[in-house]
Amino acid sequence: MDVTIISFPGTNCDVDTANAVSRKLNTIPKIISCKEKEIPKSDLIIIPGGFSYGDYLRSGAIAAREPVMLDLVNKAKNGVYILGICNGFQILTEVNLLPGVLLKNNSLKFISKTIKIKIIRNDTFFTSSFAKNETVSIPVAHHDGNFFIEKKALMEIEDNQQIAMRYVDPINGSLNDIAGLYNQKFNVLGLMPHPERAIDIRTGSDDGIKFFESMLNFANI
Amino acid sequence: MKALVYVRLKSEVLDPQGQAIESALKNLGQKKISNVRQGKLIEMDINSHNIDEVKKTVDQVTKTLLANTVIEEYSIEIK
């Protein structure tokens, strides 16, 4: 499987994500700069977590207008799998590959802890190794994770079953406790939790491994 | 010409920053203040004297980058 990770100024989870991909997807990912106009041929493109452009203007807003994004949007339309983690999720909403927006946490506090997440769907590229409605422990670390979308569009994404995962206990004000979201074609996933930080029990949880197992299983079919 | 772009959260979007400011103002004894909302002001110079062109350009860059119209509304002032 060919995996590319896009790095922006202020991205800080690119190396952790590359480490998780190398160890759990058995492939060495390419890390490319957001200034590249073309993304190498990839089965999976990951936008990792961090604070691209210092969250200036709105988190993800400036990153979403970088040269690499035109090719990313094209590749998404052609069915390439795209995963945005944390800041990556914010960037995917800013570039309109995912609906809605991530506002400041309603507590106005940065939340950094391992929490319970319920996996809603287990029939996609990203989650096939989970049981349906399985509850897992995955760390979150964000200031802007409060998912918001207008009422009608919220009903649409619920009706289309685009919700990938929900917080078991409300933490940041997210509508319907949404922690992760698919696009309509289910090839783009944005999530606030960090699965790449949950791949070794020695650092608290290895529940994140199942994300990588899912992708690996899918690739081997 | 100079352009001022005011970006505000739409009224239906919760504004926890505004609420925090309001609570601080109340702590200062300002009991009559309510509905505090925080927005942004973005200033720029544009090298043109054609007001229609300036308005068009500013509107375009605001829609493209400065405001996220899912949650924000904006107004533009040209000087």
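First, a word on scope: everything that follows refers to the structure included in this document. (Residues numbered from 1 in each chain as written. Chains lettered and ligands numbered in written order. Predicted model: local features only at pLDDT ≥ 70, side-chain atom pairs only at ≥ 80, totals over all residues. Heavy atoms only, no water.)

Between chain A and chain B, the contact holds 14 residues from the first and 17 residues from the second. When chain A packs against chain B, the two sides together hide about 1,200 Å² of surface, and 70% of this comes from carbon and sulfur. Per-residue buried area on chain A facing chain B is highest for A:Leu57, A:Arg58 and A:Phe148; these three make up 40% of the total on that side. Two residues, B:Glu72 and A:Arg58, come together in a salt bridge whose shortest N-O distance is 3.6 Å. At the boundary of chain A with chain B, the tally comes to five residue pairs in polar contact (both at pLDDT 80 or more). Here the residues of the side of chain A that touches chain B sort into seven nonpolar, three polar and four charged. (Contact = heavy atoms within 4.5 Å. Buried area = accessible area lost by both parts, 1.4 Å probe. Salt bridge = Lys/Arg side-chain N within 4 Å of Asp/Glu carboxyl O. Polar contact = N/O pair within 3.5 Å; in protein donor to acceptor, adjacent residues only side chain to side chain. Nonpolar A, V, L, I, M, F, W, Y, C, P; charged D, E, K, R; others polar.)

Let's shift gears to the nonpolar core. If you look at the biggest cluster of nonpolar residues, it comprises 71 residues, and the most contacted ones within it are A:Ile6, A:Leu44, A:Leu72, A:Leu83, A:Phe211 and A:Met215. Contacts of A:Ile6, omitting those with residues within four sequence positions, involve A:Ile32, A:Cys34, A:Ile39, A:Ile45, A:Ile46, A:Pro48, A:Val68 and A:Leu72. Ranked by size, the runner-up nonpolar core spans eleven residues in total, among them B:Val5, B:Val58, B:Ala67 and B:Ile78. (Core = buried A, V, L, I, M, F, W, Y, C linked by side-chain atoms within 4.5 Å. Buried < 20%, exposed > 50% of the residue type's maximum accessible area, 1.4 Å probe, protein only.)

The next subject is the pattern of salt bridges. Tallied over the full model, the rule gives 15 salt bridges over all chains. Among the ionic pairs, A:Asp71 bridges to A:Lys75, the shortest N-O distance being 2.8 Å. Of this pair, A:Asp71 and A:Lys75 both sit in helix α2 (residues 68–77), four residues apart, which is roughly one turn of the helix. With respect to burial, A:Asp71 and A:Lys75 carry one shared label: buried. The salt bridge partner of A:Arg202 is A:Asp200, with a shortest N-O separation of 2.7 Å. Given a relative accessible area of 15%, A:Asp200 falls into the buried group. Bridged by salt links that share partners, the residues A:Arg58, A:Arg65, A:Glu94, B:Lys40 and B:Glu72 form one connected network. (Helix = DSSP H or I, 4+ residues; strand = E, 2+ residues; numbered from the N terminus.)

A separate point is the environment of A:Phe147. All names here are of chain A. Along the chain, the position of Phe147 falls in strand β8 (residues 146–148). Along the backbone, Phe147 and Lys185 are 38 residues apart, and their C-alpha atoms lie at a distance of 20 Å. If sequence neighbours within four positions are ignored, Phe147 has contacts with Phe89, Pro99, Gly100, Val101, Leu102, Ile157, Gly173, Ser174, Leu175, Ile178 and Leu181.

Turning our eyes to something else, we now look at the sheet that holds strand β9 (residues 163–167) of chain A. Residues and elements named next belong to chain A. Taking strand neighbours across the sheet as the criterion, the nine strands line up as β2-β1-β3-β4-β11-β10-β9-β6-β7 in an open arrangement whose pairing is mixed. Because the sheet does not close on itself, it has two edges, and the strands there are β2 (30–33) and β7 (135–142). Direction aside, the axes of adjacent strands within the sheet are offset by 25° on average. Sheet analysis places strand β10 (residues 178–182) next to strand β11 (residues 188–191), joined by three bridges and oriented antiparallel. Residue pairing in the sheet places Tyr182 in a bridge with Leu189 of β11. Strands in contact with helix α1 (residues 14–24) are β1 (3–7), β2 and β3 (44–47); relative to β1, the strand with the most contacts, it is inclined by about 170°. (Pairing = 2+ DSSP bridges. Axes fitted to C-alpha atoms, helices over the stretch in contact; angles between N-to-C directions.)

On to the layout of surface pockets, then. If you add up the space inside the largest pocket, you get close to 430 Å³. Surrounding the largest pocket, 25 residues form its lining, A:Arg58, A:Lys104, B:Gln17, B:Lys40 and B:Glu72 being those nearest its centre. Broken down by secondary-structure element, the contributors of at least two residues to the lining of the largest pocket are α3 (87–94) and β5 (101–103) of chain A together with β1 (2–9) and α1 (16–27) of chain B. A breakdown of the residues in the lining of the largest pocket according to their chemical character gives nine nonpolar, seven polar and nine charged. (1 Å grid on protein atoms, 1.4 Å probe; cavity = no way out; pocket = protein on both sides within 12 Å on 5 of 7 lines; lining within 4 Å. Points joined across faces, edges and corners; volume = space filled by probe spheres on them.)

All right, on to the environment of A:Asn220 then. Residues and elements named next belong to chain A. Within the secondary structure, Asn220 sits in helix α5 (residues 209–220). Asn220 gets classed as exposed once you look at its relative accessible area, which sits at 62%. C-alpha separation for the pair Asn220 and Lys35, spaced 185 residues apart in sequence, amounts to 32 Å.

With that settled, the discussion passes to α2(A). Residue and element names in this part refer to chain A. Judged by how many residues are buried, α2 sits mostly within the fold: seven of ten residues are covered. Turning to α2, the residues buried within the fold contact β1, β2, β3, β4 (81–85), α3 and β11. Gly79 sits one or two residues past α2 and shows a positive phi near 95°.

The next thing to look at is the sheet that holds strand β2 (residues 40–45) of chain B. Residues and elements named next belong to chain B. Taken together, the three strands give an open sheet; going across it, the order is β2-β1-β3, and neighbouring strands pair in antiparallel fashion. Bordering the open sheet on either side are β2 and β3 (72–78), each of which pairs with just one other strand. Shown here is a sheet whose adjacent strand axes are inclined to one another by a mean of 20°, direction ignored. Across the sheet, helix α2 (residues 51–66) is in contact with β1, β2 and β3; its angle to β3 comes to roughly 155°.

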